[in-house]
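Chains, contacts and geometry: an overview
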Amino acid sequence: MNALACSVLVLFFASSGAQAQTALERQLDPELFAHILATAAIDNHAHPILPPPDDASDRDFDALPVDNMEPETDSVAWRPDNPQLPAAWRALWNIDLTVPLDPGATKRLAAARAAVKTREGAHYDDWILDQAIIGTMLANRVSMGPLAVHAGSAQPRFRWVPYVDALLFPFDNSGLAAENPDKKLFFPLEDKVRARYLVSLNLKTVPATLDDYLAQVVTPTLERQRAGGAVAEKFEIAYLRSFDFTDPPRAQAERIYRQLAGQPNPDPAVYKLLQDFLFRYIAAECGRLGMAVHLHVLAGGGSYFGIAGANPMLLEPVFNSPALRHTNFVLLHGGWPFVREANALLQKPNVYLDLSQQSLTFPPRTMATWLRELLETFPDKVLFGTDGYALSDAEGWEESTWIAARNARQALALALTGMTQDGEITRPRALAIADEVLRGTATQLYAEKPR
Ligand SMILES: [Zn+2]
């Protein structure tokens, strides 16, 4: 190990507050791991909250910012006693606490976090990225506010990924909302997002024909977001319906649009065909505008989430559509539990996958098992990501970003160390793959120009 690599490792372990290397860390190729720690990543997907003074009132960090859903069985990483939290608290706030937090410790944590916010002020979010060794974070937000600063520069700290699901449901959604308690919360929120999009276009209601809806609402919204710095559009459609998008012809979609416009509680089966058409139209437009399409592909959250409908294999007809070959799709969160299905889909030239959320949910050794398979097959299709999100008072977007970034780096180092030791790849090749995953592939993907 060279001197730089050595000092990076020493710095990392000092800053992470780790007492000693874990057994897993001792197994990592030290030069490779030091390189991974020294490389500022592009985080493909997260939900940063605005820096002070806008932090307390910010609700745009998610189109579906739901905090009163019926309880689900949270995975361990989402619980306030997530055993990975103390290391994050130590690294970020320089405070030693154990889980679970008692009320006194909760107050001390809040005070320690507030002190850093006061110290960093408007630069607070940038400072959080520095702690997680993230150069640029793709912020999945309804609006960017002050995070848009320098968005157009060569090395912006934040780039924008807005939401587009609301455009798939232009009519009365009360019937869909009645399907289950989660959707009862989700659809009114989507209606609000669509209403905001209409206001931006100086429209009060959706037009009477599909042609006008596409020309006056859908395309202008995508163009406005692209002009506002968006590099991709995010679908959290898996929370609202299945990935089973058929391919109805435009004339049929036009007839359905006229039939359903203004109708209370449209027939869900007929309405679905219009959504199917709109999904493909939006995906094609994203390709034309040089934006990728991000899809939430992971079980959850919520106790009524349709896991079977989020199987990425259902998207294969979309990926195989010649009309959509100019659109790049990114399977966010790696598709868990369908990790091998997601892996196989990377053979499509326009399909990518990111490590966000799985890097929070799964400890590095577990994630490294399927990450190694991904890197052995399609190493140039895998993107680093965290899905930093405000999960609880104990685990804000800051902690979840830090934990997921650490896990993703360790999993990447573990998978590549194994491949190097087994003679599958050389160390220079391992370093090159690490660079691709951490930032190279994302740099290329988001440099797409409009057609
Ligand atoms: Zn997310």
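Residues numbered from 1 in each chain as written. Predicted model: local features only at pLDDT ≥ 70, side-chain atom pairs only at ≥ 80, totals over all residues. Heavy atoms only, no water.

Describing the sheet that holds strand S3 (residues 158-161)
A sheet is described by the order of its strands in space; here 3 strands give the open sequence S1-S2-S3, paired in parallel fashion. Pairing within the sheet leaves two strands with one partner each, and these edge strands are strand S1 (41-46) and S3. With strand direction ignored, the average angle separating the axes of adjacent strands in the sheet is 20°. Of the pairings in the sheet, the one linking S1 to strand S2 (residues 134-140) comprises 4 bridges and is parallel in character. For Asp-43, the partnering residue across the bridge sits in S2 and is Met-137. Where helix H6 (residues 124-131) meets the sheet, its contacts fall on S2 and S3, and the angle it forms with S2 comes to roughly 120°. (Pairing = 2+ DSSP bridges. Helix = DSSP H or I, 4+ residues; strand = E, 2+ residues; numbered from the N terminus. Axes fitted to C-alpha atoms, helices over the stretch in contact; angles between N-to-C directions. Contact = heavy atoms within 4.5 Å.)

Details of helix H8 (residues 181-200)
Here H8 is 20 residues long and its end C-alpha atoms lie 30 Å apart, about the 28 Å a rise of 1.5 Å per residue gives. Check the buried side of H8 and you find it contacts helix H7 (174-177) and helix H9 (210-227). Measuring from the backbone nitrogen of Asp-182 back to the side-chain oxygen at the start of H8 gives 2.9 Å, which picks out Asn-180 as the cap. Following H8 by one or two positions, Asn-202 has its phi on the positive side, about 60°. (Expected span 1.5 Å × (residues − 1). Polar contact = N/O pair within 3.5 Å; in protein donor to acceptor, adjacent residues only side chain to side chain.)

Observations concerning the packing of helix H3 (residues 30-38) against helix H17 (residues 427-445)
At their nearest, the axes of H3 and H17 sit 10 Å apart, and the two run at 20° to each other. By the angle between their directions, the pair H3 and H17 is classed as roughly parallel. In this structure, H3 crosses over H17, and the sense of that crossing is right-handed. Of the residues in H17, those in contact with Glu-31, Leu-32, His-35 and Ile-36 of H3 are Arg-427, Ala-430, Leu-431, Ala-434, Asp-435 and Leu-438. Broken down by class, the residue content of the contact of H3 with H17 amounts to 6 nonpolar, 1 polar and 3 charged. (Parallel < 35°, antiparallel > 145°, perpendicular 65-115°, else oblique. Left-handed = near helix turned anticlockwise from the far one by under 90°. Nonpolar A, V, L, I, M, F, W, Y, C, P; charged D, E, K, R; others polar.)

What to know about the nonpolar core
Side chains of a nonpolar character, in soluble globular proteins, are inclined to be buried together. In terms of nonpolar packing, the biggest core is built from 137 residues, with Trp-93, Ile-282, Leu-295, Leu-371, Leu-375 and Leu-416 touching the most fellow members. Broken down by element, this core gets its largest block of residues, 13 residues, from helix H16 (residues 397-421). Both domain 1 (1-38) and domain 2 (43-445) contribute no fewer than three residues apiece to this core. If sequence neighbours within four positions are ignored, Leu-295 has contacts with Phe-235, Ile-237, Phe-243, Phe-279, Leu-315, Phe-329, Val-330, Leu-331 and Leu-332. Counting 13 residues, the second-largest nonpolar core is a separate cluster that includes Ile-42, Leu-138, Val-161 and Val-330. (Core = buried A, V, L, I, M, F, W, Y, C linked by side-chain atoms within 4.5 Å. Buried < 20%, exposed > 50% of the residue type's maximum accessible area, 1.4 Å probe, protein only. Domains from an automatic or database assignment.)

Overview of the domain arrangement of the protein
Accessible area lost upon the coming together of the parts is a frequently used measure of interface size. Once the domains are mapped, the protein shows domain 1 (1-38) and domain 2 (43-445). When each unit is reduced to the centre of its C-alpha atoms, the spacing between domain 1 and domain 2 is 30 Å. Across the contact, 15 residues belong to domain 1 and 22 residues belong to domain 2. When the area that domain 1 buries against domain 2 is broken down by residue, the three leading residues are Leu-24, Leu-32 and Ile-36, summing to 35%. At the junction of domain 1 with domain 2, the criterion picks out 2 salt bridges. At the surface where domain 1 touches domain 2, the tally comes to 7 residue pairs in polar contact (both at pLDDT 80 or more). When grouped by side-chain class, the residues that make up the side of domain 1 that touches domain 2 number 7 nonpolar, 5 polar and 3 charged. (Buried area = accessible area lost by both parts, 1.4 Å probe. Salt bridge = Lys/Arg side-chain N within 4 Å of Asp/Glu carboxyl O.)

A closer look at the coordination of the zinc ion
Around the zinc ion, the protein contributes the donor atoms His-45 (NE2), His-47 (NE2) and Asp-387 (OD), at 2.0 to 2.3 Å from the metal centre. Read N to C, the donor residues that coordinate the zinc ion are spaced as H-x1-H-x339-D. One end of the pair, His-45, is in strand S1; the other, Asp-387, is in the loop between strand S8 (382-383) and H16, and 342 residues separate them in sequence. Exposure remark for Asp-387: the relative accessible area of 7% places this residue in the buried category. (Donors = N, O, S within 2.8 Å, 3.2 Å for Na, K, Ca; no water.)

A short note on H9
The end-to-end C-alpha distance of H9, which contains 18 residues, comes to 24 Å, matching closely the 26 Å that a straight helix rising 1.5 Å per residue would cover. Taken together, the buried positions of H9 are occupied by Leu-210, Tyr-213, Leu-214, Val-217, Val-218, Thr-219, Pro-220, Thr-221, Leu-222, Gln-225 and Arg-226. In this structure, the buried side of H9 is in contact with S3, H8, strand S4 (232-235), helix H10 (250-260) and helix H11 (268-289). After H9 finishes, the residue Gly-229 shows a positive phi value of roughly 105°.

Some remarks on the environment of Phe-171
Summarising the element assignment, Phe-171 is placed in the loop between S3 and H7. The buried category is assigned to Phe-171, whose relative accessible area is 6%. Separated by 14 residues in sequence, Phe-171 and Leu-185 place their C-alpha atoms 17 Å apart. Leave out the neighbours within four places in its chain, and Phe-171 touches Arg-194, Val-206, Tyr-257, Leu-260, Ala-261, Gly-262, Pro-266, Tyr-271 and Leu-274.

Structural notes on the environment of Pro-100
Relative to the helices and strands, Pro-100 resides in the loop between helix H4 (85-93) and helix H5 (103-120). Note: C-alpha distance between Pro-100 and Lys-348 (248 residues apart in sequence) is 45 Å.

Regarding the sheet that holds strand S5 (residues 292-296)
If you walk across this open sheet you meet the 5 strands as S4-S5-S6-S7-S8, and the pairing is parallel. Edge positions in the sheet fall to S4 and S8, since each has one partner strand and no second.

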